[in-house]
Amino acid sequence: MDAKQLVRDFVMTNFYVPDSLALADTSSLLATGIVDSTGMLEVIAFLEDTFSVTVNEDEMVPGNLDSIENITRFVARKSG
Amino acid sequence: MCGIAGIVALQESAPAPDRDLLVRMAGSLRHRGPDEFGIFRDRRAGLAHARLSIIDVATGQQPMASEDEGLWLVFNGEIFNYVELRAELVALGHRFRTQSDTEVLIHAYQQWSDGCFERFNGQWAIALWSRADRRLVLCRDRYGVRPLHYVEHAGSVRFASEIKALFADPGVPRALDSEGLAQAFTFWSPLAPRSAFAGVREVEPGHVRTYQDGRVTDRAWWTPRYEPDAGLRTAGDAADAVQAALANATSLRMLRADVPVGSYLSGGLDSSLIAALGREVVGSRFQTFSVTFEDAEFDESGHQRAVVERLGTEHHAIRISGRDIADVFPQVVAHAERPLLRTAPAPMFLLSKLVHEHGIKVVLTGEGADEMFAGYDIFREGRVRRFWARQPQSLVRPRLLERLYPYLARSPVSRSALAREFFGRDLDQAGRPGFAHGPRWSTTSTLQRLFEPSRAAAAERYDPVAELLESLPSGFPTWTPLAQDQYLECRTLMSPYLLSAQGDRMLMAHSVEGRFPFLDRDVIGLANALPDAAKLAGLDEKHVLKQVARAYLPASVVDRPKQAYRSPDAAAFFSRGEPAWVADVTSPAAIAGAGVFDPKAIAQLLGKCRTRAQAGPTSNSDNMAVVGILSTQMLHRLFVEANPAGTALPELRTSVERS
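A. Molecular detail of the overall build of chain A. Check the secondary structure of chain A and you find four helices and zero strands. Taken from the N to the C terminus, the helices and strands of chain A come in the order α-α-α-α. For 80 residues, the compact-globule estimate of 2.2 N^0.38 gives 12 Å, and the C-alpha radius of gyration of chain A, at 12 Å, lies within 12% of that figure. A burial count over chain A gives 34% of its 80 residues as buried. Sequence-distant contacts in chain A: of pairs separated by 6 or more residues, those separated by 24 or more amount to 61%.

Shown next, in the form of structure tokens:
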């Protein structure tokens with residue numbers, strides 16, 4: 001399974017997003033309220049467990065973490 | 001304190017109110033008033049009453065009539081200034097037969113008609129039937145301490161303290177209401193006039209609703225005003241005035257009772273101050289009651305002990321585990337009669353049981369202080385976000401949020417770039433009503449994604465926030481941002497949730513009456529006339545109240561950081577064994593039967609909670625989602641599948657029939 005699909009599956013399942021919501025890859029997870037402050041910790045733990053990457057303090061920015069698209073790009077850059 | 005109910009025909013052709021139905025309605029409210037039952041009935045109207053005897057125990061029976069029997073009344077609550085009103089009415093020529101506050105109400109209505117309500121200092125739900133002009137009057141106190149629901153059905157209006165009494169007639173439809181659910185999954189409760197049930201309404205706080213010859217009127221007899229009083233400008237003036245008003249409000253609530261009055265004591269500033277003021281009134285034996293938690297995260301027993309030691313009260317505490325909460329939660333929902341997004345009402349349910357077991361019928365509480373004197377984080381958050389909005393690119397200003405939420409320092413969201421996403425939404429709309437509450441409402445309403453498609457579509461068409469903001473009082477735009485936030489907090493959280501779901505309903509579940517000195521008429525007026533700086537000085541919340549409290553309480557209690565009252569939420573249901581009812585109300589059949597939630601999303605959420613039960617903190621969203629689902633499913637089970645009214649026919653102390 002490609003990284004984007006893994007990320008999407010995690011977001012949809014862990015944050016119980018019904019298929020009918022049609023969450024776009026570019027939707028902001030924080031602004032839509034799907035992910036809250038503790039939920040962001042769950043996202044980071046998922047990335048570290050699944051992709052064996054370490055998320056540094058200075059990488060915790062919306063450009064890396066706030067949408068399925070951004071997360072996927074961030075993981076690709078880290079693993080690449 | 002009591003339960004009231006009744007039926008009034010809206011058309012000449014409608015049948016006379018059914019006697020057995022009235023008695024069943026009263027019987028379904030037995031927990032509110034187990035001491036005596038009474039009904040009145042004529043061709044058009046029936047009134048029913050379940051009484052908890054507190055004032056004039058011997059002769060205060062209800063329904064009560066005027067001397068000429070032209071007026072009949074049932075009443076739940078207290079008019080604390082009834083002694084003063086009685087003297088005023090005697091001077092105007094009125095003659096009294098009893099010492100009860102109920103009779104004062106009747107004469108006050110005869111003298112001043114609907115103008116009587118603004119003279120009352122108290123907490124009430126009243127139903128008054130005027131036989132002469134065939135007029136029904138339904139009224140609630142300023143902030144809706146006492147509940148009053150109604151439904152118009154089959155040519156009549158039926159009203160009652162609780163919804164279950166309306167369902168005593170099996171002909172009244174019982175279904176969950178999409179708009180009420182959308183409100184609950186935004187504000188934490190449906191807001192009057194809506195309820196969680198289709199067709200069931202609630203008289204709004206501070207409103208009077210009348211029915212007469214086919215005409216219905218509904219108007220606010222009271223609306224809060226926030227207009228600073230120039231006489232309260234100095235800190236000393238404000239503190240003196242608040243001290244005097246609170247002492248008087250507490251004393252009225254201690255002395256206007258023919259039974260002993262106790263006090264809740266959370267260990268926080270508000271209830272500790274009220275207990276201290278109450279202690280001064282009685283001088284002798286004074287009982288206080290607390291909740292303590294097994295889980296240290298929620299427990300405040302150290303602070304409770306410090307206050308008890310200082311005040312010398314006879315103290316009782318009940319220690320509560322997560323499992324206790326899970327076990328009583330179905331009963332909690334049965335009394336709350338709405339979806340819940342927090343378990344916090346459950347410990348209050350257990351606490352009123354403890355009070356009842358000690359023979360106490362009336363307790364003071366500190367409820368209302370955080371709304372009147374700006375104690376909540378949301379007021380501070382609103383102030384920080386407005387300050388930030390003036391320099392939206394600032395990296396320093398959002399970091400002020402860490403002073404409000406210490407947990408943020410441990411969270412990636414403390415990083416200013418993420419904080420901007422999380423707290424910085426709509427910074428360009430800082431001047432709009434609801435700006436401070438926006439993040440809370442949108443975080444909660446995001447959970448509506450759990451609704452199944454047709455409910456979600458209904459929720460999509462209905463915007464509870466827009467409806468609220470379209471119904472603001474005319475003075476609202478002239479108030480300061482803090483006053484606007486206080487108003488919205490009172491209307492959306494205090495009245496429907498804190499005073500009702502977590503207040504009246506949990507107290508009355510065990511026949512205990514709560515009294516709220518911070519919601520005294522004169523305290524409200526004074527608090528709303530204070531300059532903002534007396535309430536929220538910089539980011540120091542309840543500033544003036546702390547000044548007052550120093551004379552009464554240990555410094556450790558006055559100066560401690562505010563701890564929001566909370567209890568274990570998702571963890572209560574999953575971390576130490578799961579009560580059987582949880583799987584039962586969330587089975588695929590039960591989810592499909594209730595028709596509220598999406599089965600797959602529910603399975604994902606519950607699966608996550610069950611596997612993560614021991615694995616660290618549960619997010620705020622997950623906590624709200626779990627409690628919201630379990631309570632809504634239980635509500636459907638108890639109120640829609642089953643009929644909550646019961647069929648008991650209590651023995652009547654008063655039964656009056658007129659043609």
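Let us keep going from here.
B. A look at the overall build of chain B. For chain B, the count of helices and strands is 27 helices and 18 strands. A globule of 659 residues ought to have a C-alpha radius of gyration of about 26 Å, and chain B, at 24 Å, matches this closely. Counting only residues that meet the buried cut, chain B has 56% of its 659 residues in that class. Sequence-distant contacts, at least 24 apart, represent 73% of the contacts inside chain B between residues at least 6 apart.

C. The domain arrangement of chain B, seen in detail. Residue and element names in this part refer to chain B. What the domain assignment lists for chain B is domain 1 (2–222) and domain 2 (230–373 + 488–558). Measuring from the centre of the C-alpha atoms in domain 1 to the corresponding centre in domain 2 gives 27 Å. Opposite the 29 residues of domain 1 that make contact, domain 2 presents 32 residues. When the residues that make up the side of domain 1 that touches domain 2 are grouped by side-chain class, the tally is 19 nonpolar, four polar and six charged.

D. Expanded view of the packing of helix 26 (residues 599–612) of chain B against helix 27 (residues 620–641) of chain B. Residues and elements named next belong to chain B. Viewed as axis vectors pointing N to C, helix 26 and helix 27 meet at an angle of 120°, and their least axial separation amounts to 11 Å. Between helix 26 and helix 27, the crossing angle belongs to the class labelled oblique. Relative to helix 27, the crossing made by helix 26 is left-handed. Contacts between helix 26 and helix 27 involve I602, L605 and C609 on the former and, on the latter, D622, A625, V626 and I629.

E. Structural view of the environment of K608(B). The residue K608(B) is located in helix 26 in this model. Sequence-wise, K608(B) and L29(B) are 579 residues apart; in three dimensions their C-alpha atoms are separated by 39 Å.

F. View of the sheet that holds strand 3 (residues 45–51) of chain B. Residues and elements named next belong to chain B. Strand order in the open sheet made by the seven strands is 10-8-9-1-3-2-18, with mixed pairing throughout. If you trace the sheet from one side to the other, it starts and ends with strand 10 (201–202) and strand 18 (654–657), each paired once. Where helix 1 (residues 19–27) meets the sheet, it contacts strand 1 (2–9), strand 2 (36–41), strand 3 and strand 9 (156–160), and its direction lies at approximately 30° from that of strand 3.

G. Molecular detail of the sheet that holds strand 15 (residues 314–320) of chain B. Residues and elements named next belong to chain B. The strand order across the open sheet formed by five strands is 15-14-13-16-17, and the pairing between neighbours is parallel. Taken across any chain shown, the strands that pair with only one partner, and hence form the sheet edges, are strand 15 and strand 17 (513–515). The mean angle between the axes of side-by-side strands here comes to 30°, regardless of whether they run parallel or antiparallel. Here three bridges tie strand 13 (residues 261–264) to strand 16 (residues 362–364), and the two strands are oriented parallel to one another. Across the sheet, residue G262 finds its bridge partner in strand 16, namely V363. Running at roughly 140° to strand 15, helix 10 (residues 345–357) makes contact with strand 13, strand 14 (287–293), strand 15 and strand 16 of the sheet.

H. Inspection of the interface of chain B and chain A at higher detail. The partner chain A presents 24 residues to the 27 residues of chain B that form the contact. Secondary-structure elements contributing two or more residues to the side of chain B that touches chain A are helix 14 (416–423), helix 15 (438–445), helix 16 (453–461), helix 26 and helix 27 of chain B. When residues in the side of chain B that touches chain A are grouped by element, the largest group, five residues, is from helix 26 of chain B.

I. Inspection of the environment of T26(A) at higher detail. Residue and element names in this part refer to chain A. For T26, the location among the structural elements is in the loop between helix 1 (3–14) and helix 2 (37–51). Here T26 falls in the exposed class, since 10 other C-beta atoms lie within 10 Å of it. In the structure, T26 is positioned ten residues away from Y16 in sequence and 18 Å away in space, judged by C-alpha atoms. Excluding residues that lie within four positions of it along the chain, T26 makes contacts with S67 and E69.

J. Broad picture of the environment of F597(B). All names here are of chain B. Relative to the elements of secondary structure, F597 occurs in the loop between helix 25 (588–594) and helix 26. According to the C-beta neighbour criterion, F597 is buried, with 24 such atoms within 10 Å. Once the C-alpha coordinates of F597 and Q633 are considered, the two residues, 36 residues apart in sequence, prove to be 9.0 Å apart. With residues near it in sequence (within four places) discarded, F597 still touches L450, F451, E452, I591, I602 and I629.

K. Spotlight on unusual backbone geometry. All names here are of chain B. Note that the residue after Q62, namely P63, is joined by a cis bond; omega there is 0°. Within the secondary structure, P63 is located in the loop between strand 3 and strand 4 (64–65). Note that the residue after A192, namely P193, is joined by a cis bond; omega there is 10°. Mapped onto the secondary structure, P193 falls in the loop between helix 5 (178–187) and strand 10. With a phi close to 90°, W188 is a non-glycine residue in the positive phi region.

L. Just the confidence of the model for chain B, in detail. Looking at chain B as a whole, its pLDDT mean stands at 94, while 98% of the residues score no less than 70. Confidence estimates for the predicted assembly give a pTM of 0.96 and an ipTM of 0.89.

M. Quick peek at the nonpolar core. Residue and element names in this part refer to chain B. In this structure, A26, L73 and V242 are the most contacted members of the largest nonpolar core, which totals 221 residues. Considering every element that reaches this core, the biggest residue donor is helix 18 (residues 481–508), with 14 residues. The contact partners of A26, leaving out residues within four places of it in the chain, are A5, F37, I39, A48, H49, A50 and P650.

N. Summary view of the pairing of strand 7 (residues 135–140) of chain B. All names here are of chain B. The buried fraction of strand 7 amounts to five of the six residues, a majority that puts the element mostly inside the structure. As judged from the six bridges shared by strand 6 (residues 122–130) and strand 7, these two strands associate in the antiparallel manner. Along strand 7, the bridge assignment pairs A125 with R140. Turn length for the strand 6-strand 7 hairpin, with the two strands adjacent in sequence and antiparallel, is four residues, and the turn residue R134 shows positive phi of about 50°. Pairing geometry for strand 7 and strand 11 (residues 207–212), over five bridges, is antiparallel. By the bridge assignment for strand 11, L138 is matched with R209.

O. Looking closely at the packing of helix 5 of chain B against helix 15 of chain B. Residue and element names in this part refer to chain B. With their axes 6 Å apart at the nearest point, helix 5 and helix 15 run at an angle of 125° to one another. As judged from the angle between their axes, helix 5 and helix 15 are oblique. Where helix 5 abuts helix 15, its residues F185, T186 and F187 lie against W441, T444 and S445. Among the residues making up the contact of helix 5 with helix 15, the classes are represented as three nonpolar, three polar and no charged.

Quick notes on the rules
Residues numbered from 1 in each chain as written. Chains lettered and ligands numbered in written order. Predicted model: local features only at pLDDT ≥ 70, side-chain atom pairs only at ≥ 80, totals over all residues. Helix = DSSP H or I, 4+ residues; strand = E, 2+ residues; numbered from the N terminus. Rg over C-alpha atoms; globule rule 2.2 N^0.38 Å. Buried ≥ 20, exposed ≤ 12 C-beta atoms within 10 Å, placed from the backbone. Contact = placed C-beta atoms within 7 Å. Domains from an automatic or database assignment. Nonpolar A, V, L, I, M, F, W, Y, C, P; charged D, E, K, R; others polar. Axes fitted to C-alpha atoms, helices over the stretch in contact; angles between N-to-C directions. Parallel < 35°, antiparallel > 145°, perpendicular 65-115°, else oblique. Left-handed = near helix turned anticlockwise from the far one by under 90°. Pairing = 2+ DSSP bridges. pLDDT = per-residue confidence, 0-100. Core = buried A, V, L, I, M, F, W, Y, C linked by C-beta atoms within 7 Å.

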